[in-house]
Amino acid sequence: MLDRIVVNVIGAPFKICLVTNVVLPEARLAKIGPGDTIAEAVARALYLFGIHASDFETAVLTAADSGRHGPAVGAMVGALTRARIGAQALPAPLIDGLV
């Protein structure tokens, strides 16, 4: 992954790319574990919440699809994300039809 910075020098834009030491989310989830224990499931939920804290739909769908105990992890991530962004920021397609 590259972080891009645009610098204007005498009116001419130059792009400087900084290479960062990035570990893909899948690799981090594999290191946390499959979520078979409560500790692993909570760790997965906190990690996924951390990387998707501003996007409820991505956070919940990624968590729910993250392994054998995805629905439980998704529920935890959904609760954390909703608490952070508020109910007004929830996507309408996900809440339409709920009682």
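Above this note sits the structure.
The model shown is predicted, which means the values in this text are computed figures rather than measured ones. (Residues numbered from 1 in each chain as written. Predicted model: local features only at pLDDT ≥ 70, side-chain atom pairs only at ≥ 80, totals over all residues. Heavy atoms only, no water.)

A. Representation of the packing of helix α3 (residues 56–64) against helix α4 (residues 70–85). Close contact between α3 and α4 brings their axes to 7 Å; oriented N to C, the two are set at 165°. It follows from the interaxial angle that α3 and α4 lie roughly antiparallel. Here the hand of the crossing between α3 and α4 comes out right-handed. Packed against α3, whose contacting residues are F56, A59, V60, A63 and A64, the element α4 presents G70, P71, V73, G74, V77, G78, T81, R82 and I85 at the interface. Here the contact of α3 with α4 is built from residues that sort into nine nonpolar, four polar and one charged. (Axes fitted to C-alpha atoms, helices over the stretch in contact; angles between N-to-C directions. Helix = DSSP H or I, 4+ residues; strand = E, 2+ residues; numbered from the N terminus. Parallel < 35°, antiparallel > 145°, perpendicular 65-115°, else oblique. Left-handed = near helix turned anticlockwise from the far one by under 90°. Contact = heavy atoms within 4.5 Å. Nonpolar A, V, L, I, M, F, W, Y, C, P; charged D, E, K, R; others polar.)

B. Looking closely at the packing of helix α2 (residues 38–51) against α4. One can describe the packing of α2 onto α4 by two numbers: an axis separation of 9 Å at closest approach and a directional angle of 40°. Put simply, α2 runs oblique to α4. Handedness of the α2/α4 crossing: right-handed. Here A41, V42, R44, A45, L46, L48 and F49 of α2 come into contact with α4, specifically with V73, M76, V77, L80, T81 and R84. Broken down by class, the residue content of the contact of α2 with α4 amounts to ten nonpolar, one polar and two charged.

C. Fine view of α2. Taking 1.5 Å of rise per residue, the 14 residues of α2 would be expected to cover 20 Å, and the 20 Å separating its terminal C-alpha atoms lies within 8% of that figure. Along α2, the residues that are buried comprise A41, R44, A45, Y47, L48 and F49. Each element contacted by the buried residues of α2 is listed here: α1 (25–32), α3 and α4. (Expected span 1.5 Å × (residues − 1). Buried < 20%, exposed > 50% of the residue type's maximum accessible area, 1.4 Å probe, protein only.)

D. Seen up close, a nonpolar patch on the surface. Among the surface-exposed residues, I38, V42, L46 and L80 lie close enough to one another that they form a single nonpolar patch of about 360 Å² accessible area. Ranked by the residues each element gives to the nonpolar patch, the list is headed by α2, at three residues. Mapped onto the elements of the fold, L80 is located in helix α4. (Patch = residues over 30% accessible without salt bridge, like charges linked within 9 Å, V, L, I, M, F, W, Y side chains within 5 Å. Areas by Shrake-Rupley, 256 points an atom, 1.4 Å probe, with all protein chains shown as cover. Salt bridge = Lys/Arg side-chain N within 4 Å of Asp/Glu carboxyl O.)

E. View of the pattern of salt bridges. A full pass over the atoms with the stated rule returns one salt bridge. R68 is paired through a salt bridge with D36; the nearest N and O atoms lie 2.4 Å apart. Pair noted here: R68 is in the loop between α3 and α4 and D36 is in the loop between α1 and α2, with a separation of 32 residues, a long-range link. Judged by its relative accessible area of 61%, R68 falls in the exposed class.

F. Structural context of the nonpolar core. Formed by L29, A41, A45, Y47, L48, A59, A63, V73 and V77, the largest nonpolar core amounts to nine residues. Broken down by element, this core gets its largest block of residues, four residues, from α2. Residue contacts for V73: discarding those within four places in its chain leaves A41, R44, A45, L48, A63 and S66. (Core = buried A, V, L, I, M, F, W, Y, C linked by side-chain atoms within 4.5 Å.)

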